[in-house]
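# Observations on the three-dimensional arrangement
One-letter residues, chain by chain:
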Amino acid sequence: MKITSAQFITSAVKPSQYPLPERPEVAFAGRSNVGKSSLINTLLGRKNLVKTSSTPGRTQTLNFFLINDGFYITDLPGYGYAKVPEAVRKKWGPMVENYLKSRTGLGAVVVILDIRRLPNQADHDLLAWLAHYKIPEIVSLTKADKLNKNKQARQRTLIAEDLGRDPSSLIVFSAATGLGKQTLWRALEAML
Ligand code: GTP
Ligand code: MG
């Protein structure tokens, strides 16, 4: 995909604040600090369009970006970080579930996992929600640059077993090297 324009539109916590859903949309979700914002920047070829941080729990609202004047990308706040204030954590579930339930135009959710770890309960819960609402998902395993090729393959197999799906369905990705960028775009284009 050639990116001709990518602009931040708005932050939202509730549906009345979402941009008008007149375009197709893809959302990106995953644990705090897993690399969601970095993955989006890499996909778009923009270094700092989306704020990234070494401090987990940085993205705490839904952030909407308009791409090529044609579709939206939504950076969802990460889940599962203990140091996020209790009040914020309590809002996460309803905020994201509301979004998933109500967002017309949502064509797919990219669920981002750290290739070095097995999915946890919250990851499974998210995938269960998506299945429940019949929202198509793409699972991407990021930070692949932290492992050598053999370990990448081994982790991909283990995570696939844990999720009960085929290893080839998991897209190995790295924001540091750009690995998997084309594969992920192809999967997204098929859904947009
Ligand atoms: P929250 O918004 O806080 O939930 O985090 P996030 O999931 O958006 O993660 P973010 O993209 O901010 O990245 C978190 C940290 O991981 C940063 O220090 C990034 O530089 C680093 N990081 C993200 N992706 C990669 C990757 O593919 N490889 C490596 N080596 N580091 C990465
Ligand atoms: Mg983020």
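In what follows, the accompanying structure is described. From a predicted model like this one, the values you see are computed outputs, not experimental measurements.

## Focus on the overall build of the protein
Summing up its helical and strand segments, the protein has five helices and seven strands in all. Along the protein, from the amino end to the carboxyl end, the secondary structure elements read β-β-α-β-β-α-β-α-β-α-β-α. Computed over its C-alpha atoms, the radius of gyration of the protein comes to 16 Å, within 12% of the 16 Å expected for a compact globule of 192 residues. For the protein, the spread of C-alpha atoms along the principal axes amounts to about 45 × 40 × 30 Å. Here the contacts in the protein between residues at least 6 apart in sequence split such that 74% fall between residues at least 24 apart.

## Thoughts on the pattern of salt bridges
What the rule picks out here adds up to five salt bridges. A salt bridge links Glu 25 to Arg 103, with the nearest nitrogen and oxygen atoms 2.8 Å apart. In this pair, Glu 25 sits in strand 2 (residues 25–30) while Arg 103 sits in the loop between helix 2 (86–102) and strand 5 (106–114), placing the two residues 78 residues apart along the sequence. With a relative accessible area of 0%, Glu 25 lands in the buried category. In this structure, Glu 137 and Arg 165 form a salt bridge, with 3.0 Å as the shortest nitrogen-oxygen distance.

## Comments concerning the sheet that holds strand 6 (residues 137–142)
In spatial order, the strands read 1-3-4-2-5-6-7; together these seven strands make up an open sheet with mixed pairing. Either end of the sheet is taken by a strand with one partner, and the two such strands are strand 1 (6–12) and strand 7 (171–172). Bridging between strand 2 and strand 4 (residues 71–75) involves four bridges; their strand directions are parallel. Its bridge partner lying in strand 4, Val 26 is registered against Ile 73. Where helix 1 (residues 36–44) meets the sheet, its contacts fall on strand 1, strand 2, strand 3 (62–67), strand 4, strand 5 and strand 6, and the angle it forms with strand 2 comes to roughly 145 degrees.

## Thoughts on unusual backbone geometry
The phi torsion at Lys 134 lies on the positive side, around 55 degrees, for a residue other than glycine. One non-glycine residue with positive phi stands out, namely Lys 143, at about 65 degrees. Considering the arrangement of structural elements, one finds Lys 143 in the loop between strand 6 and helix 4 (149–163).

## A few points about the environment of Val 139
Here Val 139 lies in strand 6. Val 139 sits in the buried class, given a relative accessible area of 2%. Distance in space between the C-alpha atoms of Val 139 and Ala 175 is 15 Å, their sequence separation being 36 residues. Residues within four places of Val 139 in sequence aside, it is in contact with Val 111, Leu 113, Leu 127, Leu 163, Arg 165, Ser 169, Leu 170 and Ile 171.

## What to know about the packing of aromatic side chains
Per the counting criterion, the structure on display carries five aromatic pairs. When the centroid spacing of 5.5 Å and the interplanar angle of 45 degrees are considered together, the rings of Tyr 18 and Phe 64 count as tilted. Of this pair, Tyr 18 sits in the loop between strand 1 and strand 2 while Phe 64 sits in strand 3; the two residues are 46 residues apart in sequence, bridging distant segments of the chain. According to the relative accessible area criterion, Phe 64 is buried, its value standing at 0%. Members of the aromatic cluster, connected to one another through ring pairs, are Tyr 18, Phe 64 and Tyr 99.

## Some thoughts on the pairing of strand 2
Buried residues dominate strand 2, accounting for six of its six residues. Of the two faces of strand 2, the one carrying Glu 25, Ala 27 and Ala 29 and the one carrying Val 26, Phe 28 and Gly 30 are both buried. Sheet topology places strand 2 next to strand 5; six bridges connect them, and they run parallel. When the sheet's bridge partners are listed, Gly 30 is paired in strand 5 with Ile 112.

The rules behind each value
Residues numbered from 1 in each chain as written. Chains lettered and ligands numbered in written order. Predicted model: local features only at pLDDT ≥ 70, side-chain atom pairs only at ≥ 80, totals over all residues. Heavy atoms only, no water. Helix = DSSP H or I, 4+ residues; strand = E, 2+ residues; numbered from the N terminus. Rg over C-alpha atoms; globule rule 2.2 N^0.38 Å. Contact = heavy atoms within 4.5 Å. Salt bridge = Lys/Arg side-chain N within 4 Å of Asp/Glu carboxyl O. Buried < 20%, exposed > 50% of the residue type's maximum accessible area, 1.4 Å probe, protein only. Pairing = 2+ DSSP bridges. Axes fitted to C-alpha atoms, helices over the stretch in contact; angles between N-to-C directions. Phe/Tyr/Trp six-rings, centres within 6.5 Å; stacked < 30°, edge-to-face > 60°.

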